[in-house]
Amino acid sequence: MLSNKAVCVTGTDRGIGLAITEALLHQGYTVYAGGIMGNNEELTKLGAQFPDQLHVFKLDVGSDESVKEAARYIKSRSNQLEFLINNAAILGDTVKTIEDDLDFEEIQRVYNVSALGAIRMANSLLEPIMNGGKLIVNISSEAGSIANSHRDAWFGYCMAKSALNMGSTVIHNKIRKEGGRVLLIHPGWVKSFMSGEWNPAGTYTSEEAAANILNRIEEHKDKLTALPLYIEADSGKELPW
C-alpha cells in the first residue's frame, strides 16, 4: 500500500543505500534515490517494479552544483519529505599513520564527501524536510566518536564522521526550535564496497544493516531531544560522542 510519503536517500548505488531504498519502496514510500553511477542495473530493476514510487537521479554529494541540481529535481516533484537519509560516504586510506607520507588531498576528499555531503543535502532540502516529517537521518560511525577513539590511522574517515556528528548537532540546534530533529545512526560493521572493492568481513549484510537502521528510525523519528540521538543500529544503544 502506498503511504503517499516521500523520502530522499543518498549513496544508493549499492550496499546500505540500495538496501534502504528497496526496503522503503516495499513499505510504500516514494523514494528519491541519488547515486554517483549513471546507469545502475539494480535501481533499473527496482524502477520497473515500483514505477510510480522510485525516482533515480545522479548525485555527487561532494559537489555543490550536483547537490543543488538534485534538490531542484526533488522540489519540482514534491514539496514535502518525510525524512532525508544521508548515507553517501567514502572510506579513504585506513593504513597510513602520522609516521607515514599522508595524502592530504585524499583526506580532504573523504572529508568533503563523508562530512560536508550531508550538510550540503540538508541545506538544499531543508524546506521540503521542514514541510514534511522534519527529520534528517545521518549515517555516522563509531569511528567518529572521540570518547571511544582507538585507531592510529583512518585520518579522513574518523575526522569526517566526527565532523558529521558536530555538524548534525549544529543543524539540530537550529531546526528543533520548529520541531525538527537530526538522528545519527552507526550501522555497525557491514560487508561493503567502501574500501573500493568488496569486503565480506563485516558482521552484517547490507540488507540486515538497512533493516536495523529503519527500525531505529521508526523507534526514534518522533522524539525531540536537546541533542541529536547518536545510536547503534543493531542494539539501539546510545553511543558516546
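Anyway, here's the lowdown on the structure attached to this text. (Residues numbered from 1 in each chain as written. Predicted model: local features only at pLDDT ≥ 70, side-chain atom pairs only at ≥ 80, totals over all residues. Heavy atoms only, no water.)

**Topic: the pairing of strand β5 (residues 135-139)**
Along a regular strand, successive side chains alternate from one face of the sheet to the other. Short version of the rule: Note on classification: 1.4 Å probe, protein chains only; a residue is buried when its accessible area is under 20% of the maximum for its type, exposed when over 50%, partly exposed between these limits. Numbered from the N terminus, helices here are DSSP runs of H or I no shorter than four residues, and strands are runs of E no shorter than two. Any two strands between which DSSP finds at least two bridges are classified as paired.
Within β5, five of the five residues are buried, leaving the element largely enclosed by the surrounding structure. Burial along β5 is two-sided: L135, V137 and I139 facing one way and I136 and N138 facing the other are all buried. Two strands pair when backbone bridges link them, and strand β4 (residues 83-86) and β5 are joined in this way by three bridges, in the parallel orientation. Each bridged residue has a counterpart across the sheet, and for L84 the counterpart in β5 is I136. As judged from the five bridges shared by β5 and strand β6 (residues 181-186), these two strands associate in the parallel manner. Looking across to β6, one finds that V137 is bridged to L183.

**Overview of helix α3 (residues 64-75)**
To be explicit about the condition: Given the number of residues in a helix, its expected span is that number minus one, multiplied by 1.5 Å. The arc in question is the one traced by the directions running from the helix axis out to the C-beta atoms. Contacts between residues were defined by any pair of non-hydrogen atoms, one from each residue, lying within 4.5 Å.
A rise of 1.5 Å per residue sets the reference length of α3, with its 12 residues, at 16 Å; its end C-alpha atoms lie 16 Å apart and thus fit the reference within 8%. When α3 is considered as a whole, its buried residues turn out to be S66, V67, A70, A71 and I74. Seen from one end, α3 has its buried residues packed into an arc of 135°, which puts them on one side. Of the surrounding elements, those touching the buried residues of α3 are β1 (6-10), β2 (30-35), β3 (54-58) and α5 (116-124).

**Details of helix α1 (residues 15-26)**
The terminal C-alpha atoms of α1, which comprises 12 residues, lie 17 Å apart, in line with the 16 Å expected from a rise of 1.5 Å per residue. Considering only its buried residues, α1 is in contact with β1, β2, α2 (41-49), β3, β4 and α8 (206-220). In the stretch just after α1, G28 is the one whose phi turns positive, near 100°.

**What to know about the nonpolar core**
Note the cut-off: Grouping buried Ala, Val, Leu, Ile, Met, Phe, Trp, Tyr and Cys residues that are joined through side-chain atoms within 4.5 Å yields what is termed a nonpolar core.
Membership of the largest hydrophobic core comes to 32 residues, with the highest contact counts inside it found for I20, L24, V31, I85, I185 and I217. Counting residues per element, this core draws most heavily on α1, which supplies six residues. Beyond its immediate chain neighbours, meaning those up to four positions away, I20 contacts V9, I85, A210, I213 and L214. Within the second largest apolar cluster, 22 residues are counted, among which are A6, M121, I171 and V182.

**Here's the deal with a negative patch on the surface**
Note the following rule: Each patch is built from salt-bridge-free residues with over 30% relative accessible area, joining like charges within 9 Å and nonpolar side chains (Val, Leu, Ile, Met, Phe, Trp, Tyr) within 5 Å. Accessible surface area values rest on a Shrake-Rupley calculation with a 1.4 Å probe, where residue burial reflects the displayed protein chains alone. Throughout this description, the term salt bridge denotes a Lys or Arg side-chain nitrogen within 4 Å of a carboxyl oxygen of Asp or Glu. For the purpose of charge, His is not counted, nor are the chain termini; Lys and Arg are scored as positive and Asp and Glu as negative. Think of each charge as sitting on NZ of Lys, CZ of Arg, CG of Asp or CD of Glu.
Judged by side-chain charge, E99, D100, D101, D103, E105 and D152 come together as a negatively charged surface patch. Within the secondary structure, D103 sits in the loop between β4 and α4 (104-114).

**Looking at the side chain of R181**
Definition in use: Two N or O atoms form a polar contact when they lie within 3.5 Å of each other; inside protein one atom must be a possible hydrogen donor and the other a possible acceptor, and for residues adjacent in sequence the pair counts only when both atoms belong to side chains.
If you trace the backbone, R181 turns up in strand β6. Buried charge without a salt bridge: R181, with D222 as the nearest opposite-charge side chain at an N-O distance of 4.1 Å. A distance of 2.9 Å separates the side chain of R181 from the backbone oxygen of G133, its partner in a polar contact. Polar side-chain contacts of R181 include one of 3.0 Å to the backbone oxygen of G179. The residues contacting R181, other than those within four sequence positions of it, are G133, K134, L135, I136, H172, I175, K221, D222, K223 and L224.

**Regarding the packing of aromatic side chains**
Note the cut-off: What counts as a ring pair is set by centres within 6.5 Å for rings of Phe, Tyr and Trp (its six-membered ring), and what kind of pair is set by the plane angle: stacked under 30 degrees, edge-to-face over 60, tilted for all other angles. Whether a charge sits over a ring depends on NZ of Lys or CZ of Arg being within 6 Å of the ring centre and within 35 degrees of the ring normal.
Counting across every chain of the model gives five aromatic pairs. Aromatic pair F57 and Y73: ring centres 5.6 Å apart, planes at 45°, arrangement tilted. Taken as a pair, F57 in strand β3 and Y73 in helix α3 lie far apart in primary sequence, 16 residues in all. A relative accessible area of 23% means that Y73 is categorised as partly exposed. An aromatic cluster is defined as three or more aromatic residues linked by ring pairs; in this entry it consists of Y32, F57 and Y73. Over the ring of W154 we find R151, and its NZ or CZ is 4.4 Å from the ring centre.

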